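A look at the structure
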Amino acid sequence: MKIQTGRLRFPDDEKRQPWLPLLLEIQHLTNQGVATAIKADGRKLACGRGCASCCRTHTDIPVYPLELMGIAWYATEKLAGEQRQRVQQQLLHHRDLGACPFLLDEACAIHPLRPMACRQFNVFNTVCAVGEDAFHSRYSDVLRPDLKSKNEALREMLRHHQIKDGRERRRLVETGEVHRLAQSLREMRWETLAARMSDD
Ligand code: SF4
Ligand code: SF4
């Protein structure tokens, strides 16, 4: 699978949404970290388009406030037509799905804006079996993210929370306190986003 390492650009939207450039930079850093870690490992990645067991088995995907803004923006402004309608329906009924509400036809409907955690979870050698969570079944095949890039991305995320002091950002990341900002993707009240998708 080709890991996208170039920064995504939405020039008009980035002018209108002042928080968006920071999020796109963070995603870029995350992608670079993933690419570095894959190269350092040397094994062949099993992940690829159409492979999505992890979007069902992972029930504890952390998502940060800035990432939620990105997801809401993308869902309301970029999804269109049938895809938009189907995602909206899934958001309304997300508690009964047994999968991430953005999983559509075995692909991520918000792929360009998917959270950091989804970008970083990659598995080597063999595609996950139905119902398998490789994190528990074969941890040795799970990619270890490049810690330097991962921490840098998290430190940048803290800029969104107006933490300007670099030493404080470093402390919050190194102590793990930054994770308190995250919520569980599967536990969000996605009905609110579904309603916004009707309004727009
Ligand atoms: S983590 Fe497993 S299920 Fe998810 S894309 Fe990779 S191989 Fe497929
Ligand atoms: S956001 Fe996308 S990649 Fe992440 S769990 Fe949901 S469908 Fe899968």
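Residue numbers here run from 1 along each chain, matching the order of that chain's written sequence. Chains carry letters from A onward and ligands carry numbers from 1 onward, assigned in written order. Whole-chain, interface and lining totals are the exception, using all residues; otherwise, since this is a predicted model, local features are given only for residues with pLDDT of at least 70 and side-chain atom pairs are given and counted only at 80 or more.

Quick look at the overall build of the protein chain
Across its full length, the protein chain carries 10 helices and four strands. Going along the chain from the N terminus, every DSSP run of H or I of four or more residues is numbered as a helix, and every run of E of two or more is numbered as a strand. Sequence-ordered secondary structure for the protein chain, helices as α and strands as β, is α-α-α-β-α-α-β-β-α-α-α-α-β-α. The globule rule used here is 2.2 Å times the number of residues to the 0.38 power, and the radius of gyration it is set against is calculated over C-alpha atoms. Relative to its length of 200 residues, the protein chain is compact, with a C-alpha radius of gyration of 17 Å against a globular reference of 16 Å. The C-alpha extent of the protein chain, read off along each of the three principal axes, is 45 × 45 × 30 Å. Burial in this document is a count-based property: other C-beta atoms within 10 Å of a residue's C-beta are tallied, and the residue is buried at 20 or more, exposed at 12 or fewer, or partly exposed in between, with C-beta positions derived from the backbone. Counting only residues that meet the buried cut, the protein chain has 29% of its 200 residues in that class.

Section: the site of ligand 2
Every residue close to ligand 2 is listed here: Cys55, Ile61, Cys100, Phe102, Leu103, Cys108, Ile110, Arg114 and Cys118. Residues are grouped as follows: nonpolar covers Ala, Val, Leu, Ile, Met, Phe, Trp, Tyr, Cys and Pro; charged covers Asp, Glu, Lys and Arg; every other residue, Gly included, is treated as polar. Looking at side-chain class alone, the shell around ligand 2 contains eight nonpolar, no polar and one charged residues. Here, nearness is defined through the C-beta atom: a residue counts as near a molecule or strand if that backbone-placed atom lies within 6 Å of it.

Here we look at the site of ligand 1
Around ligand 1 lies a shell formed by Ala46, Cys47, Cys51, Ala52, Ser53, Cys54, Phe121, Asn122, Val123, Val127, Cys128 and Ala134. The residue inventory of the shell around ligand 1, partitioned by class, reads 10 nonpolar, two polar and no charged.

Considering the environment of Met188
Here Met188 is to be found in the loop between β4 (183-184) and α10 (191-199). A C-alpha to C-alpha distance of 9.7 Å links Met188 and Leu91, two positions 97 residues apart in sequence.

A short note on helix α4 (residues 65-77)
Here the expected span of a helix is defined as 1.5 Å times the quantity of residues minus one. Given a rise of 1.5 Å per residue, 13 residues ought to cover 18 Å, and the 18 Å separating the end C-alpha atoms of α4 matches this to within 8%. Lining the buried residues of α4 we find α2 (20-41), β1 (62-63), α5 (81-92), α6 (116-120), α8 (147-157) and α10. Contact definition: two residues whose C-beta atoms, as placed from backbone geometry, lie within 7 Å.

Brief notes about the nonpolar core
As used here, a nonpolar core is made of buried Ala, Val, Leu, Ile, Met, Phe, Trp, Tyr and Cys residues. They are joined through C-beta atoms within 7 Å. Membership of the largest hydrophobic core comes to 38 residues, with the highest contact counts inside it found for Tyr74, Ala75, Val87, Ile110, Ala153 and Met157. Those elements giving two or more residues to this core turn out to be α2, α3 (54-57), α4, α5, α6, α8, α9 (166-174) and α10.

Thoughts on unusual backbone geometry
With phi around 60°, Glu106 is a residue other than glycine that occupies positive phi space. One can find Glu106 in the loop between β2 (103-104) and β3 (107-108).

Regarding the packing of α8 against α9
For the pair α8 and α9, the least separation of the axes is 9 Å and the interaxial angle reads 125°. Our classification of the angle between α8 and α9 gives oblique. Like other packed secondary-structure pairs, α8 and α9 cross with a definite hand, here right-handed. Listed contacts from α9 to Asn151, Leu154 and Arg155 of α8 are Arg169, Arg170 and Val173. Looking at the contact of α8 with α9 residue by residue, the classes come out as two nonpolar, one polar and three charged. Axis angles are defined between N-to-C directions and span 0 to 180 degrees, where every axis is a line fitted to C-alpha atoms and, for a helix, only to the segment in contact. Should an angle lie under 35 degrees it is considered roughly parallel, over 145 roughly antiparallel, and from 65 to 115 roughly perpendicular; all remaining angles are considered oblique. Take the far helix as the reference: if the near one is turned anticlockwise from it by less than a right angle, the crossing is left-handed, and if turned clockwise, right-handed.

With respect to the environment of Gly50
With respect to the helices and strands, Gly50 occurs in the loop between α2 and α3. In the structure, Gly50 is positioned 102 residues away from Glu152 in sequence and 30 Å away in space, judged by C-alpha atoms. Setting aside chain neighbours within four positions, we find Gly50 in contact with Glu106 and Ala107.

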